[in-house]
Amino acid sequence: MSVTPDIDENGTACAGSSSRGYWLAITTLLLIPAILGAWSASVWTPTHDEYWHLPLGLYALRTGDARPDPINPPLVRMWAALPLWLGGVFSGEVTFPAKDAYAVGDAFQRAHPEDHREQFLTGRLMMLPFGMLGGVIVVWWARHWWGDAAGLLAAALWCGCPILLAHAAIVAHDFPATVATLAVLVATLKDRERLHAFGSFLIGGLIGLACLIKFSALILLGITPLCWWILPRSNTVTIRQAVLALAKMLCAWWVVLHIGYLADSLNGQPLPSLPWHLAWLPRGFVHGVDALRATLKVPHPVYLDGEWSLMGFRTYYVMALLYQLPLGLYGCLLLAVFLALKDRGDAIERRRLIALVVVMFAVLIPASLSRNQLGLRYVMPAVPLLILLAARAARQWSDAGSPRRIAVLLMAGLALASLRYHPHHLSYFNEFAGGPERGYTHLVDSNLDWGQDLHALHDYLHDHPADEPLHLAYFGTASPAMLGIDYRFPPAPQPQPGRYAISVNFVAGRPHMLRDLNGRERMVALDEFAPFRFFTPKARMGYSIFYYELSPEDVARYHRERERMLREFGGR
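Note that the coordinates shown come from a computational prediction; the quantities given were computed from them, not determined experimentally. Sequence order sets the numbering: in each chain, residues are counted from 1 along the sequence as written. Under the rules for a predicted model, residues below a pLDDT of 70 receive no local features and side-chain atom pairs below 80 are neither given nor counted, while totals for whole chains, interfaces and linings still include all residues. Hydrogen atoms and water are omitted, and side-chain values are computed over all heavy atoms in the structure.

Participant: Which residues make up the overall build of the protein chain, and what values do they have?
Facilitator: Within the protein chain, the secondary structure is distributed over 22 helices and nine strands. Against the compact-globule benchmark of 25 Å for 572 residues, the protein chain has a radius of gyration of 25 Å, which places it among compact chains. A principal-axis box enclosing the C-alpha atoms of the protein chain has dimensions of 75 × 65 × 50 Å. Only protein chains enter the calculation, and the probe is 1.4 Å; a residue is then buried if its accessible area is under 20% of its type maximum, exposed if over 50%, and partly exposed in between. Expressed as a percentage of the 572 residues in the protein chain, the buried residues total 56%. Should any heavy atoms of two residues lie within 4.5 Å, those residues are considered in contact. Once local pairs closer than 6 in sequence are excluded, the contacts in the protein chain between residues at least 24 apart make up 76%. Of the accessible surface of the protein chain, which amounts to about 24,300 Å², a share of 63% is contributed by carbon and sulfur atoms. The centroid of the 48 positive side-chain charges in the protein chain is displaced by 8 Å from the centroid of its 45 negative side-chain charges. Every helix listed is a DSSP run of H or I at least four residues long, and every strand listed is a run of E at least two residues long, numbered separately from the N terminus. As defined in this context, the radius of gyration uses C-alpha atoms, and a globule is described by 2.2 Å times the residue total to the power 0.38. Every accessible area reported is derived by Shrake-Rupley at a probe size of 1.4 Å, with residue values counting cover from the shown protein chains alone. Positive residues here are Lys and Arg, negative ones are Asp and Glu, while His and the chain termini are left out of the count. Taken as the charge centre is NZ of Lys, CZ of Arg, CG of Asp or CD of Glu, depending on the residue.

Participant: Could you give an account of a nonpolar patch on the surface, with specific residues and numbers?
Facilitator: Together, Trp254, Val255, Ile259 and Trp280 give the surface a local cluster of nonpolar side chains, amounting to about 400 Å² of exposed area. Structurally, Trp254 can be placed in helix α12 (residues 239–260). Taking relative accessible area as the criterion, Trp254 reaches 33% and is therefore assigned partly exposed. Patches in this entry comprise residues that are over 30% relatively accessible and not in a salt bridge; like charges within 9 Å are linked, as are nonpolar side chains (Val, Leu, Ile, Met, Phe, Trp, Tyr) within 5 Å. Between Lys or Arg on one side and Asp or Glu on the other, a salt bridge is scored when a side-chain nitrogen of the former is within 4 Å of a carboxyl oxygen of the latter.

Participant: An account of the pairing of strand β6 (residues 512–515) is needed here, citing residue identities and associated values.
Facilitator: Judged from the four bridges that link them, β6 and strand β7 (residues 521–524) form a sheet pairing that is antiparallel. The residue of β7 that forms the bridge with Met513 is Met523. The rule for pairing is simple: two strands pair if DSSP sees at least two bridges between them. Once β6 ends, the chain turns through five residues before running back antiparallel as β7, passing Gly519 with a positive phi of about 95 degrees.

Participant: Report on the pattern of salt bridges, specifying residues and quantitative values.
Facilitator: Opposite charge on two side chains allows them to pair when their charged atoms are near. One pass over the structure, following the stated rule, counts 21 salt bridges. Of the charged contacts in the structure, one is a salt bridge between Arg377 and Asp49, with a shortest N-O distance of 3.7 Å. One end of the pair, Arg377, is in the loop between α17 (347–369) and α18 (382–391); the other, Asp49, is in the loop between α1 (20–43) and α2 (50–63), and 328 residues separate them in sequence. Of the two residues examined, Arg377 and Asp49, each falls in the buried class. Between Asp174 and Arg377 there is a salt bridge, with its nearest N and O atoms 3.1 Å apart.

Participant: Give me the packing of α2 against helix α5 (residues 116–125): which residues, what numbers.
Facilitator: For the pair α2 and α5, the least separation of the axes is 11 Å and the interaxial angle reads 75 degrees. Here α2 lies roughly perpendicular to α5, going by the angle between them. Here Glu50, Tyr51, Leu54 and Pro55 of α2 come into contact with α5, specifically with His116, Gln119, Phe120, Gly123 and Arg124. Grouping the amino acids of the contact of α2 with α5 by side-chain chemistry returns four nonpolar, three polar and two charged. Every axis corresponds to a line fitted to the C-alpha atoms, with the helix fit spanning only the stretch in contact, and the corresponding angles, defined between N-to-C directions, vary from 0 to 180 degrees. Should an angle fall under 35 degrees it is taken as roughly parallel, and over 145 as roughly antiparallel, whereas 65 to 115 is taken as roughly perpendicular and any remaining angle as oblique. Gly falls in the polar group here, along with every residue not listed as nonpolar (Ala, Val, Leu, Ile, Met, Phe, Trp, Tyr, Cys, Pro) or charged (Asp, Glu, Lys, Arg).

Participant: Kindly report on the confidence of the model for the protein chain, identifying the contributing residues and their values.
Facilitator: Here the protein chain averages 90 in pLDDT, and 95% of its residues register 70 or above. The score called pLDDT rates the predictor's confidence residue by residue, from a low of 0 to a high of 100. Confidence drops under a pLDDT of 50 for residues 1–17, and excluding neighbours within four residues, the segment shows 37 contacts in the predicted structure.

Participant: Give a description of helix α6 (residues 128–146) that names residues and reports values.
Facilitator: Compared with an ideal rise of 1.5 Å per residue, which puts 19 residues at 27 Å, α6 spans 27 Å between its outermost C-alpha atoms and is within 8% of the ideal. Following α6 by one or two positions, Gly147 adopts a phi angle in the positive range, close to 100 degrees. Helix span, expected: 1.5 Å multiplied by one less than the number of residues in the helix.

Participant: Give me the sheet that holds strand β8 (residues 539–541): which residues, what numbers.
Facilitator: Across a sheet, paired strands are connected by hydrogen bonds in the backbone, their directions being either parallel or antiparallel. Pairing is mixed across the open sheet formed by five strands, whose spatial order is β4-β3-β5-β9-β8. What marks the edges here is a single partner per strand, and that holds for β4 (487–488) and β8.

Participant: Talk me through the packing of aromatic side chains; I want residue IDs and the actual numbers.
Facilitator: Whether two aromatic rings pair depends on their centres lying within 6.5 Å, for rings of Phe, Tyr and Trp, where Trp uses its six-membered ring; planes under 30 degrees apart make the pair stacked, over 60 edge-to-face, and the rest tilted. Evaluated as defined, the whole model comprises 29 aromatic pairs. Arranged with centres 5.7 Å apart and planes meeting at 45 degrees, the rings of Phe535 and Tyr558 form a pair that is tilted. Of this pair, Phe535 sits in the loop between β7 and β8 while Tyr558 is found in helix α22 (residues 552–568), placing the two residues 23 residues apart along the sequence. An angle of 70 degrees between the planes, with centres 6.4 Å apart, marks the rings of Phe546 and Tyr548 as edge-to-face. The structure contains a cluster of three or more aromatic residues connected by ring pairs, namely Tyr440, Phe475, Tyr500, Phe506, Phe529, Phe532, Phe534, Phe535, Phe546, Tyr548 and Tyr558. In our convention, an over-ring charge means Lys NZ or Arg CZ found within 6 Å of a ring centre and within 35 degrees of that ring's normal. Positioned above the aromatic ring of Trp228, the side-chain terminus of Arg192 is 4.0 Å from the ring centre.

Participant: Describe the pairing of strand β5 (residues 498–503), naming the residues involved and giving the relevant values.
Facilitator: Taken across its six residues, β5 has six buried, putting it largely inside the fold. Neither face of β5 is open: one carries Gly498, Tyr500 and Ile502, the other Arg499, Ala501 and Ser503, and all of them are buried. Relative to β5, strand β3 (residues 470–473) runs parallel, the two sharing four bridges. Residue pairing across strands places Leu472 opposite Ala501, the latter belonging to β5. As judged from the six bridges shared by β5 and strand β9 (residues 545–550), these two strands associate in the antiparallel manner. Along β9, the bridge assignment pairs Ala501 with Tyr547.

Participant: Go over the side chain of Ser40 with me, naming the residues and quoting the values.
Facilitator: Position of Ser40 relative to the elements: it lies in helix α1. Given a relative accessible area of 0%, Ser40 falls into the buried group. Not counting chain neighbours up to four residues away, the residues in contact with Ser40 comprise Arg124, His422, Pro423 and His425.

Participant: Which residues make up α18, and what values go with them?
Facilitator: The buried fraction of α18 amounts to 10 of the 10 residues, a majority that puts the element mostly inside the structure. Residues of α18 that are buried include every one of Ala382, Val383, Pro384, Leu385, Leu386, Ile387, Leu388, Leu389, Ala390 and Ala391, and no others.

Participant: Got a sec to walk through unusual backbone geometry? Specific residues and values, please.
Facilitator: Backbone geometry follows two general trends: most residues other than glycine have a negative phi, and most peptide bonds adopt the trans configuration. Between His422 and Pro423 the backbone carries a cis peptide bond, its omega angle lying at 5 degrees. Within the element layout of this structure, Pro423 appears in the loop between α19 (402–416) and α20 (454–463). Not every positive phi belongs to a glycine, and Asp305 is a case in point at roughly 50 degrees. Assignment of secondary structure puts Asp305 in the loop between β1 (302–304) and β2 (307–309). Assessed through its relative accessible area of 34%, Asp305 is described here as partly exposed. For Asp445, which is not glycine, the phi dihedral falls at a positive 60 degrees. Structurally, Asp445 can be placed in the loop between α19 and α20. Note on Asp445: relative accessible area 5%, which makes it buried.

In structure tokens, the structure reads:
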């Protein structure tokens with residue numbers, strides 16, 4: 001980290017002549033998430049939404065139909081399912097058109113009872129290149145602005161960020177949308193530094209690609225021009241040039257959108273006609289956005305720090321970031337903020353930081369005002385930007401004193417220490433939150449328990465056979481029976497002696513539906529499994545499923561304590 005970059009006339013750190021050891025370190029750091037991601041992908045059960053994402057991609061490739069789940073564009077799903085489709089993998093007996101996403105996922109699991117997880121591993125491996133690409137973009141960006149040491153620090157922070165590592169290893173839209181957002185911002189940065197005739201076309205095309213990955217990327221249509229205007233510039237741009245650039249961007253966005261929905265248009269899927277002011281957009285795209293808007297109006301129970309709300313919490317995502325990012329990242333971020341306060345007279349640095357903060361606010365504020373707060377994944381584009389800001393702690397490394405160098409190295413090591421929880425990256429909580437063991441006291445849903453540890457439960461039950469029946473309340477969508485787990489739904493409303501496996505979401509109080517492919521269903525009420533917070537699990541499957549063996553004495557002790565508390569608090 002001792003290479004000093006050259007600085008051009010705009011204050012940009014030039015590439016310089018870094019040593020082979022430097023690039024070996026960068027490559028090694030960026031390969032670690034890919035290796036660990038492949039490992040995690042091989043052991044996790046298909047997660048809650050992933051259960052239908054991959055089968056829907058295969059279904060869309062076979063039929064050209066994306067209607068079973070229109071709230072997400074089909075591109076990522078189809079990309080993940082591409083090797084399955086090319087290999088002739090059967091998607092299952094599905095009527096056309098499919099009833100809904102569950103029907104497609106269920107048909108796929110019925111068709112692959114023995115190799116269901118292996119099929120998902122194939123799809124997950126298709127997602128790992130997004131992780132490599134995102135890391136390369138962040139490293140390039142940090143190095144471009146602040147030099148070689150900042151690039152190396154960005155690589156270490158990227159490698160040591162569990163939420164990025166986890167979501168890069170599953171078939172879902174959130175992480176690819178994050179990488180697409182980074183690509184749009186970098187293209188905007190380069191175009192602002194050196195105006196190019198085709199730069200606006202590239203930016204617009206990338207925004208179109210991001211919108212084909214996830215509908216929330218529409219926000220880039222507003223963020224990108226604002227970011228373009230704020231970033232440092234090397235030449236004067238007239239109003240006419242700016243308007244022309246915006247028109248080029250919108251034109252390229254429109255063309256890419258239509259290309260993305262070309263198969264839908266050619267197949268002539270019956271979709272509602274569009275009002276005149278939206279007729280210039282693909283029908284499938286508008287239908288999907290409308291379906292997403294309707295879905296977001298449906299209230300969901302939101303959990304934060306032991307409280308439930310149907311209105312959401314304004315601090316939800318701020319606290320989620322505080323709980324789920326490594327403390328080493330925050331240490332670097334605090335140091336970077338301190339250095340920024342010392343450099344207040346640097347106009348170029350000021351513009352750079354303002355642009356990054358504006359983008360983060362544009363991601364965080366709308367999500368914080370929403371009632372649909374089910375996971376940090378909804379604001380994932382903010383995480384790489386925080387890593388980029390934290391990497392600024394290593395700028396001007398050759399002039400840094402020993403205290404700053406030691407602090408940066410310690411913080412980078414602390415961030416990398418989060419990998420000790422492998423392969424449970426999806427359930428990671430930092431030391432401030434009490435670690436993954438205490439995660440369910442702060443957040444639930446995809447922040448902690450997305451159904452990823454059902455195979456671990458299967459392995460545990462195989463190694464610890466018992467004659468008593470298992471009462472299972474599993475939050476995920478994959479069928480436990482298909483895995484060979486013999487179980488029944490837990491009795492209600494009070495616990496009885498016996499064996500129980502309860503997903504952490506339910507222990508925390510999450511209401512949801514228990515279901516299986518054999519037609520069994522049962523609704524779980526809010527806080528129905530609260531009594532299990534009284535008992536100590538005998539075993540934990542990762543950090544998402546608690547296994548209990550309750551004796552008559554345990555249940556009696558629970559009832560005595562419950563009666564005592566009722567007397568003490570007057571029945572309230």
